[in-house]
Amino acid sequence: MSTLIHQLGDGWDRAVHQEEVWGTVVTFDIRDEHLDDLALEAIAEAVEYLHQVDRWFSTYRIDTPINALRMGFADLSQMPAVIVDVLNRCELVKALTHGVFDPWAVDGGVDPSGFVKGWAADVAADKIVARGFMNVAVNAAGDITCRGEQSPGQPWVIGIRHPEDAQTIVATTEVVEAAIATSGEYERGKHIVNPLTGKRDMALRSATVVGPDGGMADALATALLIAGLPGVEWFAQLPGWSGYLIEGDNAHFFGPAFDPGSIIETSLDHEEELAAC
């Protein structure tokens, strides 16, 4: 899709590009005092990387290394280094969550998709920063990596939607040099399986995680959706991380992105009306 550049009211330019990849749409949003063809080249490089990620990790293509591994046509020693690295990171999240996140417990063989989307958003954003464009957000279908600022002196502000009403924002948070990922079943239905039970039994309506690693945020959000409030104990090993969990009609949140104190509970019935960014 084409990239649009226009001027914002704060004096900055904004470049927006939407790319169809991985069966979804990834949105790039760059802000700066002046954007030109160099910004378009930076986006093009990041877009090509996303398609390379698809060529490595897609489970819907027969020609990817991950499918060769899944089907037994190759072993781990024959995988590209990037796949070995991602699987090693998945092992860490599996251990942290006591197996609630487990890419090896899916039908057909290992599938790291629950980590890759957030991880790839990080890499794509960092490629754009490396090109000299410091203010960028990459939204990979709800897994969002933010770098720099949204406007002069203003961090990126990201809204968390109500699980049943896409037009209602129940909370917002500033995301500073970090990633935010939300997991829920309100768009794709009951597609998530609890690897410990084999059932589609989710403890929460939605789970949002904010932290410095997009892949981990992606995986932990899904794991929290399954485990519910007991999963908060995992974050004792992750100082600085935050979560916003919707259970029934109540929201529970913890961490500096939402509140510096311990876990807090509030009712969704008492939310202020907030505008999505």
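Up top is the structure these notes are about.
Now for a quick tour of the structure. Each residue is numbered by its place in its chain's sequence as written, counting from 1. For a predicted model such as this one, the threshold for reporting local features is a pLDDT of at least 70, and the threshold for listing and counting side-chain atom pairs is 80 or more; totals across whole chains, interfaces and linings nevertheless cover every residue. Excluding hydrogens and water, the side-chain figures rest on all heavy atoms present in the structure.

Quick notes on helix H4 (residues 113–130)
Stage number 1. Think of it this way: any DSSP run of H or I at least four residues long counts as a helix, any run of E at least two long counts as a strand, and we number them from the N terminus. By definition here, a helix of n residues has an expected span of 1.5 Å times n minus one. Its 18 residues give H4 an end-to-end C-alpha distance of 25 Å, which sits within 8% of 26 Å, the value for a rise of 1.5 Å per residue.
Stage number 2. Only protein chains enter the area calculation, which uses a 1.4 Å probe; residues under 20% of their type maximum are buried, those over 50% are exposed, and those in between are partly exposed. Among the residues of H4, those classed as buried are Phe115, Val116, Gly118, Trp119, Ala120, Ala121, Asp122, Ala124, Ala125 and Ile128.
Stage number 3. Just downstream of H4 lies Gly132, where phi reads positive at about 100°.

Focus on the pairing of strand S10 (residues 206–211)
Stage number 1. For S10, the buried fraction is high: six of the six residues fall into the buried class.
Stage number 2. Neither face of S10 is exposed, since Ser206, Thr208 and Val210 on one face and Ala207, Val209 and Gly211 on the opposite face are all buried.
Stage number 3. Bridge count between strand S9 (residues 178–184) and S10: six bridges; the pairing is antiparallel. Among the inter-strand pairings, Ser183 is bridged to a residue of S10, identified as Ala207.
Stage number 4. Taken together, the five bridges between S10 and strand S11 (residues 242–247) define a ladder with antiparallel strand orientation. Bridging across to S11, Val210 finds its partner in Ser242. Pairs of strands are assigned from DSSP output, requiring at least two bridges between the strands.

Points about the pattern of salt bridges
Stage number 1. Should a side-chain nitrogen of Lys or Arg be within 4 Å of a carboxyl oxygen of Asp or Glu, the pair is scored as a salt bridge. All told, the structure shown has 15 salt bridges when counted by the stated rule.
Stage number 2. A salt bridge links Arg131 to Glu45, with the nearest nitrogen and oxygen atoms 2.7 Å apart. One end of the pair, Arg131, is in the loop between H4 and strand S4 (136–140); the other, Glu45, is in helix H1 (residues 37–57), and 86 residues separate them in sequence.
Stage number 3. A salt bridge links Asp102 to Lys94; the nearest nitrogen and oxygen atoms lie 3.6 Å apart.
Stage number 4. By sharing partners, the salt bridges in this structure join Arg14, Asp29 and Arg31 into a single network.

Section: the packing of H1 against H4
To describe two helices that pack against each other, one gives the angle between their axes and the distance between the axes.
Stage number 1. Lines fitted to the C-alpha atoms define the axes, with helices restricted to the stretch that makes contact. Angles between their N-to-C directions range from 0 to 180 degrees. The contact between H1 and H4 brings their axes to 9 Å, and the two run at 150°. Classified by the interaxial angle, the pair formed by H1 and H4 is roughly antiparallel. In this structure, H1 crosses over H4, and the sense of that crossing is right-handed. Residues Ala42, Ile43, Glu45, Ala46, Tyr49, Leu50, Val53 and Phe57 of H1 lie in contact with H4, whose contacting residues are Val116, Trp119, Ala120, Val123, Ala124, Lys127 and Ile128. Roughly parallel refers to an angle under 35 degrees, roughly antiparallel to one over 145, roughly perpendicular to one between 65 and 115, and oblique to any angle outside these ranges. For a crossing to be left-handed, the near helix must be turned anticlockwise from the far one by less than a right angle; the clockwise case is right-handed. Contacts are residue-level and defined by heavy atoms, with any inter-residue pair within 4.5 Å sufficient.

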